[in-house]
Amino acid sequence: MIVENHLILWNHVSLKIVDVQRTELPIGEYLHTSQLSSSALLYTIKGRARLLLDGDEHHVENGYVCHSGKGTVLTIMDITDHFEYYIIQYKASLPLPCSQDLLQLLARTEPFEIQYGFVVSHAAPLLISLSRMEREWDQPEAMAKLQVKSLFYQFICELMGQLQHRRLEQASPDMVLQAVRYMDEHYSEPITADTLATLLNCSSRTMQRMFNKRLALGPIDYLMQIRIDKAKELLCRTNAGLKNIAEAVGYVDSYYFSRLFKRYTGVSPSTYRESMHQARGDEPENVTVIAPKLETVSSEKKAASDPQDAAFRRSLRTIIHLKGELLLQRQPEKIAVLDPQFMDHMLALGEQPAGSVMVTGDLSSFPEYLIGRLRAVQALGTMDEPDLEALRALAPDLIICTEFQKNIYGSLTHIAPTIMLERNRDWRETLRTIGRIMGKKLEAEQVIQQYKRKISGLKSLLAAKLHGQSVTMIRPRDNTIRLHTCAHRTAAILYSDLGLHPPKLAVDRKRTSSMISLEGLPELDADHYFILTDNKFKAWSDEIQTTTTWKSLRAVQQHHVYHAKASIWIAYYGPIAMNQVVDQVTEVFLDAK
């Protein structure tokens, strides 16, 4: 326990006194177990007893003071002399905004949650403050309550002063850090919660609660995070195969390990290795950006050597992207997106972007189908030319871009921590990543499962209705016609998710599109056409549909041509837009949504 760190935080916190009590217990009395509703200091005035804090034992007598945090289970027993004590319950928190250094110091030291106890060397000043606090606490006036707070600060000053003059060890070993050290050294061995509890002489329930309280995750989740971190290092630094890496970090089943890795990181081991190699090749080693709420680290950066710092770091969310990894120390509140499709993803999760690039090729600045859901969103230029000055003025916590902004990535990182996502990645994987960023993993999975349920019954209905007839997507633009193949991200909705059949010319697994001339349309010879248009190329699309070649197409003569908005089908590749694509296809072929 470093007293100076505690003093720094006591100097910055907002304080509320919850309760001041003086209690007497006769010999043989047993105080039944109770749980502290806030942080507390207990000071023994007289007598002897055995005190348990979360099962940790303190033999207390006159002049013994102990501290514990909210949620601690308190039991007083084995009273051998008339026992009398004060207990002051309080709440202390850092007012926001505050510096990142203070937040990190609070997370490391936990001065208002940590458990410690000792016999004071000078009791008189502490007793004076306590007795006056008790007296003032019973008074109803606001001035009395302010006086209590002032006296509590005097008590803390005296207590910290006495601690500075003695070498204080915590009243009992820190079981969380002991467990952390053990797992760091034995992560490749079989470890269970019961294993840890037995080693540290506590119950597995106590171990679980202490981990959750300190790190907001359980001991086995923490063990898995250690193993994932070790696997990341092996993926980055060696050419070892997946089976060997899985065994090295404690998993005999490489398939299970791969699924676990993706669950914790959002990407597969092979994708992670590829991303990290690309990030190392593209960026200089010193590209590290630290912001008030987020920290960007390269794949080369090692975990902190201090076990507590390492434990804290592993409890954070890590976002893997095309330029490395990003540690989220706090929930980003102001997010700027440099691709309109990310607005769709955020809104699907019930979140709003603070700023976004505008749409080109549409009549409105932002996607029409999202206008009713958007609130105040700052315009940030276009996807091809983001307005960096507007972005600086917005002062976002986080920027989400794509490889379209690769050339200005360095400039973006000087404005705010920046995540670069692959633009054409499956919308479900992108949604999972944004769900991790927003702390909404469960909500993201719910959106995906709703979509899965939606399309599950449609495949058979569409197959029964169309009997193998071919369906294609074409987009007139630049005085030619773009045919979207099976490899295109939206075409995959039609051909993979809904089971529709592409014409032969659209069967291409390598290219996402190909260009065909107006005269080449008869060769395409699809049974059904979705023709995608936007405001920019509407004139050319209209012109095509007046030609003899177009009118001679079998699908046109059979009225099997359906108009769709290119912006929704192509540009805004997110869950809301893709659901609208499915709805339109369903309406066209099944005459029902």
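Since we're looking at a predicted model, the values are computed, not measured. (Residues numbered from 1 in each chain as written. Predicted model: local features only at pLDDT ≥ 70, side-chain atom pairs only at ≥ 80, totals over all residues. Heavy atoms only, no water.)

*Asks:* Could you clarify how one ought to interpret the packing of helix α17 (residues 441-456) against helix α25 (residues 575-590) in this entry?
*Replies:* Each pair of packed helices can be summarised by the angle the axes make with each other and by the distance between the axes. Following both chains from N to C, one finds α17 and α25 inclined at 10 degrees, their axes separated by 11 Å at the closest point. Relative to α25, α17 is oriented roughly parallel. The segment α17 lies against α25, with Val447, Tyr451, Lys454 and Ile455 engaging Pro575, Met578, Asn579, Val582 and Asp583. Grouping the constituent residues of the contact of α17 with α25 by class yields 6 nonpolar, 1 polar and 2 charged. (Axes fitted to C-alpha atoms, helices over the stretch in contact; angles between N-to-C directions. Helix = DSSP H or I, 4+ residues; strand = E, 2+ residues; numbered from the N terminus. Parallel < 35°, antiparallel > 145°, perpendicular 65-115°, else oblique. Contact = heavy atoms within 4.5 Å. Nonpolar A, V, L, I, M, F, W, Y, C, P; charged D, E, K, R; others polar.)

*Asks:* How do you make sense of unusual backbone geometry when you look at a structure like this?
*Replies:* A negative phi angle characterises most non-glycine residues, just as the trans form characterises most peptide bonds. The omega angle of the peptide bond from Leu96 to Pro97 is 0 degrees, so this bond is cis rather than trans. Within the element layout of this structure, Pro97 appears in the loop between β8 (83-93) and α2 (100-109). Of note in the backbone geometry, Asp78 takes a positive phi value of approximately 50 degrees without being a glycine. Phi at Asp478 takes a positive value of approximately 50 degrees, unusual for a residue other than glycine.

*Asks:* Could you clarify how one ought to interpret the packing of aromatic side chains in this entry?
*Replies:* The relative placement of two aromatic rings is captured by the distance of their centres and the angle of their planes. On inspection of all chains with the given rule, the structure shows 18 aromatic pairs. Taking the centre distance of 5.5 Å and the plane angle of 40 degrees together, the rings of Phe83 and Tyr85 count as tilted. Here Phe83 matches Tyr85 in class, with each residue buried. Geometrically, the ring pair formed by Phe211 and Tyr222 is tilted, given 6.1 Å between the ring centres and 55 degrees between the ring planes. Within this pair, whereas Phe211 is found in helix α7 (residues 204-215), its partner Tyr222 is found in helix α8 (residues 219-237), the two being separated by 11 residues in sequence. Summarising the burial analysis for this pair, Phe211 and Tyr222 share the class buried. Each member of the aromatic cluster is reached from another via a ring pair, and the members are Tyr251, Tyr256, Phe257, Phe261 and Tyr272. The residue whose ring lies beneath Lys323 is Tyr409, and the NZ or CZ to ring-centre distance is 5.4 Å. Over the ring of Phe404 we find Arg423, and its NZ or CZ is 5.4 Å from the ring centre. (Phe/Tyr/Trp six-rings, centres within 6.5 Å; stacked < 30°, edge-to-face > 60°. Buried < 20%, exposed > 50% of the residue type's maximum accessible area, 1.4 Å probe, protein only. Lys NZ or Arg CZ within 6 Å of the ring centre and 35° of its normal.)

*Asks:* Help me out: how do you make sense of the nonpolar core in this one?
*Replies:* Within soluble globular proteins, side chains that are nonpolar generally end up buried alongside one another. In this structure, Ile437, Leu494, Leu500, Phe530, Trp569, Val585 and Phe589 are the most contacted members of the largest nonpolar core, which totals 59 residues. The element that contributes the greatest number of residues to this core is α25, accounting for 7 residues. Built from parts of two domains, this core gets at least three residues from each of domain 3 (331-439) and domain 4 (456-590). Tyr90, Ile114, Phe155 and Ile156 belong to the second largest nonpolar core, which has 35 residues in total. (Core = buried A, V, L, I, M, F, W, Y, C linked by side-chain atoms within 4.5 Å. Domains from an automatic or database assignment.)

*Asks:* Is there a simple way to think about the confidence of the model for the protein chain in this case?
*Replies:* For any part of a model where pLDDT is low, the fine detail of the predicted coordinates should not be relied upon. Overall, the prediction assigns the protein chain a mean pLDDT of 85, with 90% of residues at 70 or greater. Taken element by element, the protein chain is modelled with least confidence in strand β10 (residues 294-297), mean pLDDT 40, and with most confidence in strand β13 (residues 335-337), mean pLDDT 95. Considering only residues more than four positions removed or in separate chains, one finds that residues 282-305, a stretch of pLDDT under 50, has 48 contacts. (pLDDT = per-residue confidence, 0-100.)

*Asks:* Help me understand the environment of Gln352, please; the structure alone is not making it clear to me.
*Replies:* Within the secondary structure, Gln352 sits in the loop between α13 (341-348) and β14 (355-358). Exposure remark for Gln352: the relative accessible area of 18% places this residue in the buried category. Separated by 24 residues in sequence, Gln352 and Ala376 have C-alpha atoms that sit 8.7 Å apart. When neighbours within four sequence positions are excluded, Gln352 is seen to be in contact with Met346, Leu347, Arg373, Leu374, Arg375 and Val377. Separated by 2.7 Å, the side chain of Gln352 and the backbone oxygen of Arg373 make a polar contact. Polar contacts involving the side chain of Gln352 include one to the main-chain amide nitrogen of Arg375, which spans 3.0 Å. (Polar contact = N/O pair within 3.5 Å; in protein donor to acceptor, adjacent residues only side chain to side chain.)

*Asks:* What am I meant to see in the side chain of Asp344 here?
*Replies:* Note on placement: Asp344 falls in helix α13. Salt bridges are absent for the buried Asp344, whose nearest opposite-charge side chain, Arg373, sits at 7.4 Å. Side chain to side chain, Asp344 and Tyr369 meet in a polar contact 2.5 Å long. Asp344 has contacts with Tyr369, Leu370, Tyr572, Gly574, Pro575, Ile576 and Ala577, leaving out every residue within four places of it along the chain. (Lys, Arg positive; Asp, Glu negative; His and termini not counted. Salt bridge = Lys/Arg side-chain N within 4 Å of Asp/Glu carboxyl O.)

*Asks:* Help me out: how do you make sense of the pattern of salt bridges in this one?
*Replies:* A side chain of one charge can pair with a side chain of the opposite charge if their charged atoms are brought near each other. A full pass over the atoms with the stated rule returns 27 salt bridges. Between Arg22 and Glu134 there is a salt bridge whose closest N-O contact spans 4.0 Å. On the criterion of sequence distance, the pair formed by Arg22 in strand β1 (residues 14-25) and Glu134 in helix α3 (residues 123-137) is long-range, its members being 112 residues apart. The partly exposed category is assigned to Arg22, whose relative accessible area is 40%. One salt bridge connects Lys440 with Glu351, and the closest N-O pair in it is separated by 3.0 Å. Separated by 89 residues along the polypeptide, Lys440 in the loop between α16 (427-437) and α17 and Glu351 in the loop between α13 and β14 bring together distant segments of the chain. Judged by relative accessible area, which is 22%, Glu351 ranks as partly exposed. In the salt-bridge network here, residues are joined through shared partners; they are Lys262, Arg425, Glu429, Arg432 and Glu445.

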